[in-house]
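Structural features, examined
These are the residues of each chain, in order.
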Amino acid sequence: MAVEITEEFVWQNIPRRPRDSHKGTFGSVLAVAGSAFYRGAALLAAEGALRTGAGIVTLASVEPVVSAAAARLPECCLCPCKEGAQGGIAPENVPLLRRQKATVLLLGPGLNIKRSPLCGRNFEYFSEDPYLSGEMGAALVKGIQSNGVGSCIKHFAANNQETDRMVSDSVMDERTLHEIYLPAFETVVKKAQPLGVMAAYNKLNGTHCSENKELLTDILRKRWGYEGMVVTDWGAVKDRAKGIAAGQDLEMPGGSGRGTNSILSAIKAGTLSEEELNTAVRNLLRFVDSVTEAESTNAVFDRDADYRMAVSVAENSAVLLKNEKGTLPLAKGCKAVFLGEFAEHPRYQGGGSSHVNSAKVSCALEHAPGVAYAQGYRTDEDTVDPALEQAAVAAAVDADVAVIFAGLPERYESEGYDRTTLAMPENQNHLIAAVAAVQPNTVVVLHNGSAIEMPWVNDVPAVLELYLAGDGAGEAAVNLLYGAVNPSGKLAETFPRRLSDTPAYLSFPGERETSVYSEGVFVGYRYYDTTEADVLFPFGHGLSYTTFEYSVLRLSRSTVREGEEVQVTVTVKNTGAVAGKETVQLYVAPPKGERHRPVRELKGFAKVSLQPGESKEVQFTLDKRSLAYYEPELHDFYAESGTYQICVGASSRDLRLTGLLEWQAAQPLPVHFTAASTLKQVMTHPVGAAIIGPILQRMAAAAGSATGKKDDDDSSLSMMMGIQLNTLIDFHVLTEEQLNGILSQINQA
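Please read all numbers here as calculations on a predicted model, not as lab measurements.

**A closer look at the overall build of the protein chain**
Helix and strand counts for the protein chain come out as 19 helices and 31 strands. Buried positions account for 57% of the 749 residues belonging to the protein chain. Pairs at least 24 apart in sequence give 75% of the contacts found in the protein chain among residues at least 6 apart. Per element, the accessible surface of the protein chain, about 29700 Å² overall, is 50% carbon and sulfur.

See below:
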């Protein structure tokens, strides 16, 4: 018997709350992609099948939950893009997402790792660090959903470039995937339970993410306990039936009939089970129920309040990169000139689907009355305009201080393509150099979505990084420049000196639609700090108009075992003359072990506000996961026994205090040796070393006697370490029976 799915059917079959509490909004849903809004039916899919006690049910309206018809929101408020500060995000930071009728889902935040600074969509992502991305993402999702709007985290997973993004294959080993590219998603799922997860366009190790059962079912749902809906990126579906079998619930934009035909054909052929389809339909219906339940008709869209919040977030996200000779803050009444087109028309948002029509955007000029201005360059071209530049230089000569607003035009970075260089436009670099040559008090204010090169950095005393600071960019810039607000942001990414220094330089964005993640876990500061590379500005860096002193680092215990935690406390004092905020960062440095590991990793951060002379104690909690790496042999995280350094400071390169923590693992790594194992492998095991060690020494001594040189003993030992155990039989060192006995003894130890 075929039954059409109706609204009444849904409420009868999902008994989450009384039918009469529904207020008639079942028929429409409004979703947000970045800030672009999509309107459609609550349940659309041409046809599908659902097994009930009555027989086969034909779904007249199940896919997609949201249609492809896109409509821009006429006016809205844009807060800064996410790469700004490391400071925490609380629910009160997202009031602009107040739930209104039919507004149910925001397609964000983006949790992908900034593998390379060239990624065109880096302005949408938090960091090069998975711990930071996860903690910031979880806080943001909680904030969004506390206001009655759902969050759909994206792009799951390993979507780290725009080049060939719909067909590119992200190829990496198991450890790299689980240690770098999955943890941010894991943290957000476990801590915030977002309503949606968006599968990425790309392939992961040969399988499209929208059809990857290991990713969408085994990891996301079974291992992490995710309970929400999984949606494709727009146009990411290759085979709808395979997607459903893998754990994909919703196709976007859908509605073409191709997906429906794929489902029906697969059901008929037996390659897709009705229960797999049932699961996808139930997930969609639960989503519809949850969003209609959260609807409020009392929300107020206060554009003025939202703009004030945008200014505040921008002020707290800006990063003071450099400030020599106390150049900033500017003295009130000083003769300043603002240079550069961004002073009048700031770059305040990213390009692509995140682009919005803002109700109000401020520029620096309007908030600095009486300040002179010269355009200096054009943002729609890269070549130097001699007239514009000469006018700007002349204005700089006549001023006490020159403030140059520069950065990347939108055509340089956007969804859909990657950058090919870290350079800013030539006309901007040329202007900064020309002005700095005649004006020693030159300040550069940057508007960009990711790291850039700064060939002029040694010629200017101050650099203020705004990133893409949202609607309040201009007002926030002036407040920061003149000291009405003290900068407190920290870099969530490393600024390298040159592109060739970056860890993925030789493999990004790959070739022939394949990107091999050959740098492994050594991404961002994990690479730069481990190799002691010279960088422009390190991860976590950010200055203030005041100074901070770190003291009294304490650990609640010196030895930790499985199942235990340790509390780490440190005292921070404002030793300057003005109020300020400091983001205290905790890094863990592991002992040398079985696997190559980064020299240190971020495992805690907290932003603290201090008045002049005030001290506060900051506390962190560490557990096994804080010390662990992903061990492929266990298919899980593992912390080796040993002494770990607990480092606290102001950046990954500015560590002020260090403590020691002894970790005792419950079990050593399981090992299993065979006749094909090498002597080197066996010698890493204490029982193996005790048995094989004397044999090795006799073999090395014999080799030394043969040459008559005692120095050959050590070189012979090194050479022999690569020999397989079964080769000892051929060398008449052991019999096969003796070797089997040794292997049994070691493996049972």
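**So, the side chain of E475**
With respect to the helices and strands, the residue E475 is situated in helix α12 (residues 473-481). Overall, E475 belongs to the buried group, its relative accessible area being 11%. Excluding residues within four positions of it along the chain, E475 makes contact with Y307, R308, V311, S362, C363 and H367.

**Remarks on the packing of aromatic side chains**
Scanning the model with the defined rule gives 12 aromatic pairs in all. Geometrically, the ring pair formed by Y131 and F605 is edge-to-face, given 6.2 Å between the ring centres and 90 degrees between the ring planes. Of the two residues, Y131 is situated in helix α2 (residues 130-146) and F605 in strand β26 (residues 601-610); the sequence distance between them amounts to 474 residues. Residue class for Y131 comes out partly exposed when judged on its relative accessible area of 25%. A relative accessible area of 16% means that F605 is categorised as buried. When the centroid spacing of 6.5 Å and the interplanar angle of 70 degrees are considered together, the rings of F495 and F537 count as edge-to-face. Here F537 lies in strand β21 (residues 535-537) and F495 lies in strand β19 (residues 495-496), a separation of 42 residues in the sequence.

**Details of the sheet that holds strand β11 (residues 207-208)**
Strand order in this open sheet of four strands is β11-β10-β8-β20, and the pairing throughout is mixed. Every interior strand has two partners, whereas the edge strands, β11 and β20 (514-516), have only one. One ladder, built from two bridges, connects strand β10 (residues 203-204) with β11; its direction is antiparallel. Looking at the pairing, K203 lines up with H208 of β11.

**Some remarks on unusual backbone geometry**
Residue G108 is joined to P109 through a cis peptide bond whose omega torsion reads 5 degrees. For P109, the location among the structural elements is in the loop between β6 (103-107) and α2. Geometrically, the link from K154 to H155 is a cis peptide bond, its omega value of -10 degrees lying close to zero. Within the element layout of this structure, H155 appears in strand β7 (residues 150-156).

**A short note on the sheet that holds strand β23 (residues 559-561)**
Ordered by their spatial adjacency, five strands build an open sheet running β23-β31-β30-β25-β26, and the pairing between neighbours is mixed. Edge strands, defined here as strands with exactly one partner in the open sheet, are β23 and β26. Adjacent strand axes in the sheet meet at a mean angle of 30 degrees when their direction is disregarded. Strand direction decides the pairing type here: strand β30 (residues 642-651) and strand β31 (residues 654-664), joined by nine bridges, are antiparallel.

**Remarks on the side chain of Q428**
By the secondary structure assignment, Q428 is in helix α11 (residues 426-438). In terms of polar contacts, Q428 uses its side chain to reach the backbone amide nitrogen of G407, at 2.6 Å. When sequence neighbours within four positions are dropped, the list of residues in contact with Q428 reads F342, Y377, A406, G407 and P409.

**Some details on the confidence of the model for the protein chain**
When pLDDT is averaged along the protein chain, the result is 86, and 84% of the positions lie at 70 or above. A low-confidence stretch, residues 1-75 (pLDDT under 50), is modelled with 185 contacts involving residues beyond four sequence positions or located in other chains. Under a pLDDT of 50 for its full length, residues 83-98 has, in the predicted model, 63 contacts with residues more than four places off or in other chains.

**Brief notes about the pattern of salt bridges**
When their charged atoms lie close together, side chains carrying opposite charge are able to pair. Within this structure, the stated rule accounts for 34 salt bridges. Across the pair E251 and R240 runs a salt bridge whose closest N-O atoms are separated by 3.6 Å. With a gap of 11 residues between them, E251 in the loop between α6 (240-246) and α7 (258-269) and R240 in helix α6 connect regions that are remote in the sequence. Accessibility classification places E251 together with R240 in one group, the buried group. Of the charged contacts, one joins E324 and K322 as a salt bridge, the two residues approaching to 3.7 Å between their closest N and O atoms. Classification of E324 by relative accessible area gives partly exposed; the value is 39%. A single salt-bridge network, built from bridges that share partners, covers R121, E124, K154, E162, R165 and E415.

**Observations concerning the nonpolar core**
One recurring pattern in soluble globular proteins is that nonpolar side chains are buried together. Counting 69 residues, the largest nonpolar core has F338, L339, F405, M454, W456, L481 and F495 as its most contacted members. Ignoring anything within four residues of it in the chain, the contact list for F495 reads N448, A451, I452, M454, E465, Y467, V535, L536 and F537.

**As for the environment of S312**
Residue placement: S312 occurs in helix α9 (residues 303-317). Residues S312 and A473, spaced 161 residues apart in sequence, show a C-alpha to C-alpha distance of 9.7 Å.

**As for helix α3 (residues 174-181)**
Counting buried positions along α3 gives seven out of eight residues, so the element sits mostly inside the fold. Those residues of α3 lying buried are R175, T176, L177, H178, E179, I180 and Y181. Between a side-chain oxygen at the N-terminus of α3 and the backbone nitrogen of R175 the separation is 3.1 Å; the capping residue is D173.

**A closer look at the environment of L728**
By the element assignment, L728 lies in helix α18 (residues 727-730). Since its relative accessible area comes to 1%, L728 is described here as buried. Separated by 33 residues in the primary sequence, L728 and I695 place their C-alpha atoms 10.0 Å from one another. In contact with L728, other than residues within four places in its own chain, are L679, M699, V733 and L734.

**Topic: the packing of α9 against α12**
The N-to-C vectors of α9 and α12 enclose an angle of 45 degrees; their axes lie 8 Å apart at closest approach. The orientation of α9 relative to α12 falls into the category oblique. Seen from above, α9 lies across α12 with right-handed handedness. For the pair formed by α9 and α12, the contact residues are Y307, R308, V311, A314 and E315 on the first element and E475, A476, N479 and L480 on the second. For the contact of α9 with α12, a count of residues per class yields five nonpolar, one polar and three charged.

**A few points about the packing of α2 against helix α4 (residues 183-192)**
A pair of packed helices is captured by two measures, namely the crossing angle of their axes and the spacing between those axes. For the pair α2 and α4, interaxial distance at closest approach is 8 Å and the crossing angle is 35 degrees. With respect to the hand of their crossing, α2 and α4 are arranged in right-handed fashion. Listed contacts from α4 to P130, S133, G134, E135, G137, A138, V141, K142 and Q145 of α2 are P183, A184, T187, V188, K191 and A192. A breakdown of the residues in the contact of α2 with α4 according to their chemical character gives seven nonpolar, five polar and three charged.

**What to know about the pairing of strand β25 (residues 580-589)**
Within β25, nine of the 10 residues are buried, which leaves the element mostly enclosed by the surrounding structure. Bridge analysis of β25 against β26 gives nine bridges, and the strand direction is antiparallel. Residue pairing for β26: V584 is matched across the bridge by A606.

Rules behind the numbers
Residues numbered from 1 in each chain as written. Predicted model: local features only at pLDDT ≥ 70, side-chain atom pairs only at ≥ 80, totals over all residues. Heavy atoms only, no water. Helix = DSSP H or I, 4+ residues; strand = E, 2+ residues; numbered from the N terminus. Buried < 20%, exposed > 50% of the residue type's maximum accessible area, 1.4 Å probe, protein only. Contact = heavy atoms within 4.5 Å. Areas by Shrake-Rupley, 256 points an atom, 1.4 Å probe, with all protein chains shown as cover. Phe/Tyr/Trp six-rings, centres within 6.5 Å; stacked < 30°, edge-to-face > 60°. Pairing = 2+ DSSP bridges. Axes fitted to C-alpha atoms, helices over the stretch in contact; angles between N-to-C directions. Polar contact = N/O pair within 3.5 Å; in protein donor to acceptor, adjacent residues only side chain to side chain. pLDDT = per-residue confidence, 0-100. Salt bridge = Lys/Arg side-chain N within 4 Å of Asp/Glu carboxyl O. Core = buried A, V, L, I, M, F, W, Y, C linked by side-chain atoms within 4.5 Å. Parallel < 35°, antiparallel > 145°, perpendicular 65-115°, else oblique. Left-handed = near helix turned anticlockwise from the far one by under 90°. Nonpolar A, V, L, I, M, F, W, Y, C, P; charged D, E, K, R; others polar.

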